[in-house]
Amino acid sequence: MSNVSKEKSFPVYNVTFAHGAHTFWHIHHKTCQILIAESGRGYYQIWGEEPHELLPGQTATIPAGVKHWHGAAPNISFQHIALMEQVEGIFTEWLEEVDENFYKNLK
């Protein structure tokens, strides 16, 4: 019996958001995304849920196929590491902007 393992690609992205910068709503198809907060203060929000604050050392897992956004808090920069396994057929679907009035009212 052969114990052959397939090599997997699991790139690591170090992402910095300037004060008030954040993504549009989007969906990562066919893979989850793991966010590891490094510095500053940020948020992520899964569609249908309230926003979740992210502070250094905290993590968030966004399931595959789930609409979400993430980025800096309105008044501070934010840095996170993003991990997503590179699987066949993976793609990101970019959607609408986050409502700016809602976003600016985050503490």
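Residues numbered from 1 in each chain as written. Predicted model: local features only at pLDDT ≥ 70, side-chain atom pairs only at ≥ 80, totals over all residues. Heavy atoms only, no water.

A. Geometry of the sheet that holds strand S6 (residues 59-62). In space, the four strands of this open sheet follow the order S1-S8-S3-S6, with antiparallel pairing throughout. The sheet terminates laterally at strand S1 (12-17) and S6, the two strands that pair on one side only. Ignoring strand direction, the axes of neighbouring strands in this sheet form an average angle of 25 degrees. Pairing of strand S3 (residues 33-40) with S6 involves four bridges; the strand directions are antiparallel. Paired with Gln 33 across the two strands is Ile 62, which belongs to S6. (Pairing = 2+ DSSP bridges. Helix = DSSP H or I, 4+ residues; strand = E, 2+ residues; numbered from the N terminus. Axes fitted to C-alpha atoms, helices over the stretch in contact; angles between N-to-C directions.)

B. Structural context of the environment of Gln 58. Within the secondary structure layout, Gln 58 lies in the loop between strand S5 (52-54) and S6. Residue class for Gln 58 comes out partly exposed when judged on its relative accessible area of 35%. Between the alpha carbons of Gln 58 and Ile 36 there is a distance of 6.0 Å; along the sequence they are 22 residues apart. Engagement of the side chain of Gln 58 in a polar contact is seen with the backbone nitrogen of Leu 55, the distance being 2.7 Å. (Buried < 20%, exposed > 50% of the residue type's maximum accessible area, 1.4 Å probe, protein only. Polar contact = N/O pair within 3.5 Å; in protein donor to acceptor, adjacent residues only side chain to side chain.)

C. Representation of the nonpolar core. Membership of the largest hydrophobic core is limited to 11 residues, which are Phe 17, Leu 35, Ala 37, Tyr 44, Ile 46, Leu 54, Ala 60, Ile 62, Ala 72, Phe 78 and Ala 82. In this structure, Ala 82 is in contact with Pro 11, Val 12, Tyr 13, Gln 33, Ile 34 and Leu 35, ignoring residues within four places of it in sequence. Counting seven residues, the second-largest nonpolar core is a separate cluster that includes Tyr 43, Trp 69, Tyr 103 and Leu 106. (Core = buried A, V, L, I, M, F, W, Y, C linked by side-chain atoms within 4.5 Å. Contact = heavy atoms within 4.5 Å.)

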